[in-house]
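# Analysis of the macromolecular model
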Amino acid sequence: MPPEPVLRGAVRWLERLPVSGTARVRALFTTHGDFSDITPTQYDAAYAWIRETGLLGDVNSGVPLKCRVFDAAMTQSGVPWFRDADLLIRRPEELPEDALRAAETLGFTPEEAYAQVSTAWGKVDTEERSRIGSAGELALLELLSESAKGRVEHVAAWSDGYGYDIFVDAYEHSAHLEVKTTVRVGRLTVYISRNEYETMLRDPDWELVTVRLNPELKLTAVAAVPKQWIADHVPSDRTARGRWESCRLDVPPEVPVPGIPSIMPMLANTAPDVLRGVAVP
(Lines give C-alpha, C1' and ligand atoms only; values in the text may rest on other atoms or scores of the structure.)
Protein backbone atom coordinates (compact mmCIF):
# COMPACT_ATOMS: atom_id res chain seq x y z
CA MET A 1 0.00 0.00 0.00
CA PRO A 2 1.43 3.42 -0.87
CA PRO A 3 2.44 5.48 2.18
CA GLU A 4 0.29 8.36 3.28
CA PRO A 5 2.38 11.15 1.64
CA VAL A 6 2.25 9.35 -1.71
CA LEU A 7 -1.53 9.06 -1.55
CA ARG A 8 -1.93 12.74 -0.68
CA GLY A 9 0.58 13.69 -3.35
CA ALA A 10 -1.29 11.58 -5.91
CA VAL A 11 -4.51 13.48 -5.24
CA ARG A 12 -2.72 16.82 -5.59
CA TRP A 13 -1.13 15.81 -8.90
CA LEU A 14 -4.46 14.65 -10.30
CA GLU A 15 -6.16 17.84 -9.12
CA ARG A 16 -3.77 20.09 -11.00
CA LEU A 17 -2.59 18.20 -14.06
CA PRO A 18 -5.81 18.77 -16.07
CA VAL A 19 -5.04 22.51 -16.18
CA SER A 20 -1.24 22.68 -15.92
CA GLY A 21 1.72 20.80 -17.35
CA THR A 22 3.87 18.44 -15.34
CA ALA A 23 6.81 20.82 -15.01
CA ARG A 24 4.62 23.68 -13.82
CA VAL A 25 2.85 21.52 -11.23
CA ARG A 26 6.16 20.15 -9.97
CA ALA A 27 7.50 23.68 -9.59
CA LEU A 28 4.38 24.66 -7.63
CA PHE A 29 4.82 21.74 -5.25
CA THR A 30 8.49 22.46 -4.62
CA THR A 31 8.27 26.25 -4.18
CA HIS A 32 4.89 27.07 -2.65
CA GLY A 33 4.64 26.88 1.13
CA ASP A 34 1.11 25.42 1.04
CA PHE A 35 2.55 22.17 -0.32
CA SER A 36 5.68 21.86 1.81
CA ASP A 37 4.20 19.16 4.06
CA ILE A 38 5.31 16.68 1.38
CA THR A 39 8.92 16.55 0.21
CA PRO A 40 9.91 16.85 -3.47
CA THR A 41 11.02 13.20 -3.36
CA GLN A 42 7.60 12.15 -2.13
CA TYR A 43 5.90 14.19 -4.86
CA ASP A 44 8.10 12.43 -7.40
CA ALA A 45 7.14 9.07 -5.88
CA ALA A 46 3.46 10.02 -6.09
CA TYR A 47 3.85 11.00 -9.76
CA ALA A 48 5.60 7.72 -10.54
CA TRP A 49 2.84 5.83 -8.75
CA ILE A 50 -0.04 7.43 -10.66
CA ARG A 51 1.85 6.75 -13.88
CA GLU A 52 2.43 3.08 -12.99
CA THR A 53 -1.18 2.51 -11.97
CA GLY A 54 -2.62 4.13 -15.10
CA LEU A 55 -4.20 7.05 -13.27
CA LEU A 56 -2.06 9.45 -15.27
CA GLY A 57 -3.69 8.25 -18.48
CA ASP A 58 -7.13 9.60 -17.54
CA VAL A 59 -6.62 12.78 -15.54
CA ASN A 60 -9.95 14.16 -16.81
CA SER A 61 -12.03 11.29 -15.47
CA GLY A 62 -15.34 12.25 -13.88
CA VAL A 63 -14.82 9.79 -11.01
CA PRO A 64 -13.95 11.64 -7.78
CA LEU A 65 -10.21 11.87 -7.22
CA LYS A 66 -10.15 10.16 -3.86
CA CYS A 67 -12.15 7.24 -5.28
CA ARG A 68 -9.71 6.80 -8.17
CA VAL A 69 -6.71 6.91 -5.87
CA PHE A 70 -8.22 4.57 -3.26
CA ASP A 71 -9.28 2.04 -5.90
CA ALA A 72 -5.81 2.04 -7.44
CA ALA A 73 -4.27 1.54 -4.01
CA MET A 74 -6.52 -1.48 -3.41
CA THR A 75 -6.30 -3.14 -6.79
CA GLN A 76 -2.80 -2.44 -8.04
CA SER A 77 -0.57 -2.29 -4.98
CA GLY A 78 -0.48 -6.03 -4.34
CA VAL A 79 -2.10 -5.95 -0.91
CA PRO A 80 -2.38 -9.64 0.05
CA TRP A 81 -5.92 -9.55 1.42
CA PHE A 82 -7.62 -7.99 -1.62
CA ARG A 83 -7.83 -11.22 -3.62
CA ASP A 84 -10.10 -12.77 -0.94
CA ALA A 85 -11.80 -9.57 0.18
CA ASP A 86 -15.24 -11.08 -0.38
CA LEU A 87 -14.53 -13.68 2.31
CA LEU A 88 -12.27 -11.73 4.64
CA ILE A 89 -14.15 -8.43 4.80
CA ARG A 90 -17.90 -8.60 5.34
CA ARG A 91 -18.40 -5.36 7.28
CA PRO A 92 -16.54 -2.05 7.77
CA GLU A 93 -14.98 -3.05 11.08
CA GLU A 94 -13.19 -5.94 9.34
CA LEU A 95 -11.19 -3.66 7.04
CA PRO A 96 -7.43 -4.22 7.42
CA GLU A 97 -5.30 -1.52 9.02
CA ASP A 98 -3.64 -0.53 5.75
CA ALA A 99 -7.04 0.06 4.12
CA LEU A 100 -8.21 2.11 7.10
CA ARG A 101 -5.05 4.23 7.02
CA ALA A 102 -5.49 4.89 3.30
CA ALA A 103 -9.16 5.70 3.84
CA GLU A 104 -8.36 8.19 6.60
CA THR A 105 -5.69 9.84 4.45
CA LEU A 106 -8.14 10.28 1.58
CA GLY A 107 -11.06 11.41 3.73
CA PHE A 108 -13.20 8.26 3.66
CA THR A 109 -15.21 7.00 6.61
CA PRO A 110 -14.85 3.27 7.31
CA GLU A 111 -18.31 2.74 5.82
CA GLU A 112 -17.34 4.58 2.62
CA ALA A 113 -14.06 2.69 2.44
CA TYR A 114 -15.91 -0.62 2.81
CA ALA A 115 -18.21 0.32 -0.07
CA GLN A 116 -15.20 1.25 -2.21
CA VAL A 117 -13.43 -2.03 -1.43
CA SER A 118 -16.56 -4.03 -2.26
CA THR A 119 -17.05 -2.19 -5.54
CA ALA A 120 -13.39 -2.48 -6.55
CA TRP A 121 -13.25 -6.18 -5.70
CA GLY A 122 -16.44 -6.86 -7.64
CA LYS A 123 -15.11 -5.12 -10.74
CA VAL A 124 -11.76 -6.90 -10.62
CA ASP A 125 -13.43 -10.25 -9.88
CA THR A 126 -15.83 -9.89 -12.82
CA GLU A 127 -13.02 -9.04 -15.23
CA GLU A 128 -10.82 -11.84 -13.92
CA ARG A 129 -13.63 -14.40 -14.08
CA SER A 130 -14.30 -13.45 -17.69
CA ARG A 131 -10.63 -13.75 -18.65
CA ILE A 132 -10.03 -17.01 -16.79
CA GLY A 133 -13.37 -18.45 -17.83
CA SER A 134 -12.70 -17.95 -21.53
CA ALA A 135 -9.25 -19.50 -21.19
CA GLY A 136 -10.67 -22.54 -19.39
CA GLU A 137 -13.41 -23.13 -21.95
CA LEU A 138 -10.95 -22.96 -24.83
CA ALA A 139 -8.43 -25.22 -23.09
CA LEU A 140 -11.06 -27.87 -22.41
CA LEU A 141 -12.54 -27.51 -25.89
CA GLU A 142 -9.16 -28.14 -27.48
CA LEU A 143 -8.53 -31.16 -25.27
CA LEU A 144 -11.94 -32.66 -26.00
CA SER A 145 -11.59 -32.05 -29.73
CA GLU A 146 -8.41 -34.13 -29.66
CA SER A 147 -9.69 -36.83 -27.31
CA ALA A 148 -13.42 -37.47 -27.81
CA LYS A 149 -14.77 -39.90 -30.40
CA GLY A 150 -17.35 -37.65 -31.94
CA ARG A 151 -18.52 -34.13 -32.52
CA VAL A 152 -17.39 -31.38 -30.15
CA GLU A 153 -18.91 -27.90 -30.45
CA HIS A 154 -18.36 -24.71 -28.48
CA VAL A 155 -22.00 -23.62 -28.36
CA ALA A 156 -21.22 -20.72 -26.00
CA ALA A 157 -19.32 -19.10 -28.86
CA TRP A 158 -22.57 -18.25 -30.64
CA SER A 159 -25.20 -18.24 -27.87
CA ASP A 160 -25.39 -18.13 -24.07
CA GLY A 161 -28.98 -19.36 -24.10
CA TYR A 162 -28.28 -23.09 -24.15
CA GLY A 163 -27.43 -23.26 -20.45
CA TYR A 164 -24.10 -24.95 -21.14
CA ASP A 165 -20.86 -24.18 -22.99
CA ILE A 166 -19.66 -27.31 -24.81
CA PHE A 167 -21.61 -30.02 -26.63
CA VAL A 168 -20.07 -33.47 -27.10
CA ASP A 169 -21.84 -36.14 -29.16
CA ALA A 170 -20.63 -39.61 -30.14
CA TYR A 171 -22.84 -42.50 -31.23
CA GLU A 172 -25.26 -43.27 -28.38
CA HIS A 173 -23.70 -40.84 -25.90
CA SER A 174 -23.77 -37.07 -25.50
CA ALA A 175 -22.73 -34.52 -22.91
CA HIS A 176 -23.66 -30.88 -22.34
CA LEU A 177 -20.86 -29.33 -20.33
CA GLU A 178 -21.15 -26.11 -18.35
CA VAL A 179 -17.54 -25.07 -17.70
CA LYS A 180 -16.33 -23.14 -14.65
CA THR A 181 -12.65 -22.27 -14.37
CA THR A 182 -10.29 -21.38 -11.54
CA VAL A 183 -6.60 -20.75 -11.06
CA ARG A 184 -6.95 -21.06 -7.31
CA VAL A 185 -5.78 -23.99 -5.20
CA GLY A 186 -7.82 -24.68 -2.09
CA ARG A 187 -10.79 -22.51 -3.04
CA LEU A 188 -13.43 -23.19 -5.68
CA THR A 189 -16.10 -20.56 -6.18
CA VAL A 190 -18.49 -20.86 -9.11
CA TYR A 191 -21.34 -18.66 -10.30
CA ILE A 192 -24.38 -20.33 -11.79
CA SER A 193 -27.23 -18.59 -13.58
CA ARG A 194 -30.89 -19.49 -13.28
CA ASN A 195 -30.87 -20.63 -16.90
CA GLU A 196 -27.93 -22.96 -16.25
CA TYR A 197 -29.62 -24.37 -13.16
CA GLU A 198 -32.96 -24.97 -14.87
CA THR A 199 -31.15 -26.56 -17.81
CA MET A 200 -29.49 -28.91 -15.31
CA LEU A 201 -32.90 -29.91 -13.92
CA ARG A 202 -34.42 -30.84 -17.28
CA ASP A 203 -31.36 -32.04 -19.22
CA PRO A 204 -29.98 -35.47 -18.23
CA ASP A 205 -26.81 -34.82 -20.28
CA TRP A 206 -25.95 -31.57 -18.46
CA GLU A 207 -22.84 -31.59 -16.28
CA LEU A 208 -20.99 -28.87 -14.37
CA VAL A 209 -17.28 -29.24 -15.10
CA THR A 210 -14.60 -27.35 -13.20
CA VAL A 211 -11.30 -26.65 -14.90
CA ARG A 212 -8.15 -25.71 -13.02
CA LEU A 213 -5.48 -23.73 -14.85
CA ASN A 214 -1.97 -22.97 -13.74
CA PRO A 215 -0.65 -19.37 -13.73
CA GLU A 216 0.35 -19.81 -17.40
CA LEU A 217 -3.30 -20.76 -18.14
CA LYS A 218 -2.44 -24.38 -18.92
CA LEU A 219 -5.04 -26.96 -17.96
CA THR A 220 -3.96 -29.07 -14.97
CA ALA A 221 -7.15 -30.73 -13.71
CA VAL A 222 -10.82 -31.22 -14.48
CA ALA A 223 -13.61 -32.40 -12.22
CA ALA A 224 -17.39 -32.57 -12.14
CA VAL A 225 -19.66 -31.17 -9.42
CA PRO A 226 -22.57 -33.56 -8.72
CA LYS A 227 -26.00 -32.28 -9.69
CA GLN A 228 -27.49 -33.21 -6.33
CA TRP A 229 -24.95 -31.09 -4.48
CA ILE A 230 -25.80 -28.11 -6.67
CA ALA A 231 -29.54 -28.63 -6.16
CA ASP A 232 -29.04 -28.83 -2.40
CA HIS A 233 -27.17 -25.51 -2.21
CA VAL A 234 -28.80 -23.07 -4.62
CA PRO A 235 -31.22 -20.52 -3.12
CA SER A 236 -34.96 -21.16 -2.92
CA ASP A 237 -37.67 -18.85 -4.23
CA ARG A 238 -39.87 -18.28 -1.19
CA THR A 239 -42.73 -16.60 -3.06
CA ALA A 240 -43.90 -16.14 -6.63
CA ARG A 241 -42.90 -12.46 -6.40
CA GLY A 242 -39.22 -13.15 -5.71
CA ARG A 243 -36.88 -15.10 -7.97
CA TRP A 244 -33.13 -15.59 -7.91
CA GLU A 245 -31.36 -15.16 -11.25
CA SER A 246 -27.73 -15.89 -10.33
CA CYS A 247 -25.96 -17.31 -7.32
CA ARG A 248 -22.49 -18.05 -6.03
CA LEU A 249 -21.53 -21.49 -4.82
CA ASP A 250 -18.45 -22.10 -2.67
CA VAL A 251 -17.65 -25.73 -3.41
CA PRO A 252 -15.71 -27.68 -0.73
CA PRO A 253 -12.65 -29.50 -2.09
CA GLU A 254 -14.08 -32.95 -1.35
CA VAL A 255 -17.20 -32.40 -3.51
CA PRO A 256 -15.94 -32.40 -7.14
CA VAL A 257 -15.45 -35.80 -8.76
CA PRO A 258 -12.15 -35.99 -10.70
CA GLY A 259 -12.51 -36.24 -14.46
CA ILE A 260 -15.73 -35.86 -16.45
CA PRO A 261 -17.93 -38.91 -15.85
CA SER A 262 -20.39 -38.15 -18.66
CA ILE A 263 -17.74 -38.25 -21.40
CA MET A 264 -15.89 -41.38 -20.26
CA PRO A 265 -17.69 -43.61 -22.84
CA MET A 266 -16.69 -41.17 -25.58
CA LEU A 267 -12.97 -40.90 -24.87
CA ALA A 268 -10.41 -42.33 -27.24
CA ASN A 269 -7.87 -44.77 -25.86
CA THR A 270 -5.22 -42.09 -26.28
CA ALA A 271 -7.12 -39.50 -24.24
CA PRO A 272 -4.92 -37.83 -21.58
CA ASP A 273 -5.18 -38.82 -17.94
CA VAL A 274 -6.47 -35.39 -16.92
CA LEU A 275 -9.82 -36.14 -18.62
CA ARG A 276 -9.98 -39.41 -16.70
CA GLY A 277 -9.50 -37.65 -13.39
CA VAL A 278 -5.75 -37.67 -12.99
CA ALA A 279 -4.26 -34.23 -12.24
CA VAL A 280 -1.07 -33.17 -13.97
CA PRO A 281 1.77 -31.23 -12.30
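Look up a bit, the structure's there.
On to the side chain of R12, then. Along the chain, R12 turns up in helix α1 (residues 4-16). Ignoring sequence-local partners within four residues, the contact set of R12 consists of F29, F35, D37, I38 and Y43.

Moving on, we get to the side chain of Q116. As for its position among the elements, Q116 is in helix α7 (residues 110-147). Apart from residues lying up to four places away in sequence, Q116 is in contact with C67, F70, D71 and F108.

Attention shifts here to the layout of surface pockets. For the largest pocket, the calculated volume is near 990 Å³. Every residue lining the largest pocket is counted, 36 residues in all, and those nearest its centre are D125, E128, R129, S130 and T181. Listed by contribution, the elements that provide at least two residues to the lining of the largest pocket are α7, β3 (173-182), β4 (188-193) and α8 (194-202). By residue number, the principal contributor to the lining of the largest pocket is α7, which donates 9 residues. Per-class residue counts for the lining of the largest pocket are 13 nonpolar, 10 polar and 13 charged. Taken as a whole, the second largest pocket spans an internal volume of roughly 380 Å³. D71, A72, T75, Q76 and K123 are, among the 16 residues lining the second largest pocket, the residues nearest its centre. Of all the secondary structure elements, the ones that give two or more residues to the lining of the second largest pocket are α4 (65-76) and α7. Grouping the amino acids of the lining of the second largest pocket by side-chain chemistry returns 5 nonpolar, 6 polar and 5 charged.

Basis of the calculations
Residues numbered from 1 in each chain as written. Predicted model: local features only at pLDDT ≥ 70, side-chain atom pairs only at ≥ 80, totals over all residues. Heavy atoms only, no water. Helix = DSSP H or I, 4+ residues; strand = E, 2+ residues; numbered from the N terminus. Contact = heavy atoms within 4.5 Å. 1 Å grid on protein atoms, 1.4 Å probe; cavity = no way out; pocket = protein on both sides within 12 Å on 5 of 7 lines; lining within 4 Å. Points joined across faces, edges and corners; volume = space filled by probe spheres on them. Nonpolar A, V, L, I, M, F, W, Y, C, P; charged D, E, K, R; others polar.

Without other data, these values stay purely geometric and don't point to any function.
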